[in-house]
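Analysis of the macromolecular model
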Amino acid sequence: MPECWESCGACGDEEVLVAEILISPGDQVQFDDPLITLETDKTTLDIPSPYSGVVVDLHIAVGDPIGEGDLILRLRRG
């Protein structure tokens, strides 16, 4: 989870849901492009891509609860 969520304590114990999926299989993404938006009752946060590549498949849907370490997608680096 984002460091700010743990340090302030306001959202750390809340359920985190996938609010929006910003990419689709086949999309080319660059490092730091936003992939998904997460939300709690108090905040939303875009999650950036850690790599450049092509989205192979998604493992989440809008409304899914998500936690640290959950698989979001597969990305073919290239």
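Here's what I pulled together on the structure shown here. Think of each chain on its own: its residues are numbered from 1, step by step along the sequence as written. Local features in this predicted model are restricted to residues of pLDDT 70 or higher, and side-chain atom pairs are both shown and tallied only at a pLDDT of 80 or more, whereas totals for entire chains, interfaces and linings draw on every residue. Side-chain metrics in this entry use all non-hydrogen atoms of the structure; hydrogen atoms and water are not considered.

1. Side note on unusual backbone geometry
Here is the rule we go by: A run of H or I in DSSP becomes a helix once it reaches four residues, and a run of E becomes a strand once it reaches two; helices and strands are each numbered from the N terminus. Residue burial is assigned from relative accessible area. The probe radius is 1.4 Å, only protein chains are included, and a residue is buried under 20% of its type maximum, exposed over 50%, and partly exposed in between.
For D32, which is not glycine, the phi torsion reads 80 degrees and is therefore positive. In this structure, D32 sits in the loop between β2 (28–29) and β3 (34–39). Of the residues examined, D32 reaches a relative accessible area of 49% and is grouped as partly exposed.

2. Comments concerning the sheet that holds strand β6 (residues 73–77)
To be explicit about the condition: In this analysis, strands are considered paired if DSSP registers two or more bridges between them.
Strand order in the open sheet formed by three strands is β2-β5-β6, and the pairing between neighbours is antiparallel. Among the strands making up the open sheet, the edge pair consists of β2 and β6. Note: strand β5 (residues 53–58) against β6, five bridges, orientation antiparallel. Bridging from a neighbouring strand, V55 pairs with L75 of β6.

3. Describing the pattern of salt bridges
Pairing between side chains becomes possible if they bear opposite charge and their charged atoms approach one another. What counts here: Salt bridge, as used here: a side-chain nitrogen of Lys or Arg that lies within 4 Å of a carboxyl oxygen of Asp or Glu.
Summed over all chains, the structure comprises one salt bridge. One salt bridge in this structure joins D57 and R74, with 3.1 Å as the shortest N-O distance. On the criterion of sequence distance, the pair formed by D57 in strand β5 and R74 in strand β6 is long-range, its members being 17 residues apart. For R74, a relative accessible area of 44% corresponds to the partly exposed category.

4. Considerations on the sheet that holds strand β4 (residues 44–48)
We count it as follows: In this analysis, axes come from line fits to C-alpha atoms, helices being fitted only over the stretch in contact, and the angle between any two N-to-C directions falls in the range 0 to 180 degrees.
Sheet architecture is open: three strands sit in the order β1-β3-β4, paired in antiparallel fashion. Strands with a single pairing partner mark the edges of an open sheet, and in this sheet they are β1 (17–21) and β4. With direction set aside, neighbouring strand axes in the sheet form an average angle of 30 degrees. As judged from the five bridges shared by β3 and β4, these two strands associate in the antiparallel manner. What sits directly across from L38, in β4, is L45.

5. Quick look at the nonpolar core
Under the convention used in this document: Residues enter a nonpolar core if they are buried and are Ala, Val, Leu, Ile, Met, Phe, Trp, Tyr or Cys, with the set joined through side-chain atoms within 4.5 Å. Residues are treated as being in contact if the distance between any of their heavy atoms lies within 4.5 Å.
V16, V18, I23, V29, L35, I36, L38, I47, V55, I60, I66 and L73 form the largest nonpolar core, which has 12 residues in total. In terms of residues, this core owes the most to one element, β3, which gives three residues. Filtering out sequence-adjacent residues up to four positions away, V18 remains in contact with T37, L38, I60, A61, V62, G63, D64 and I66.

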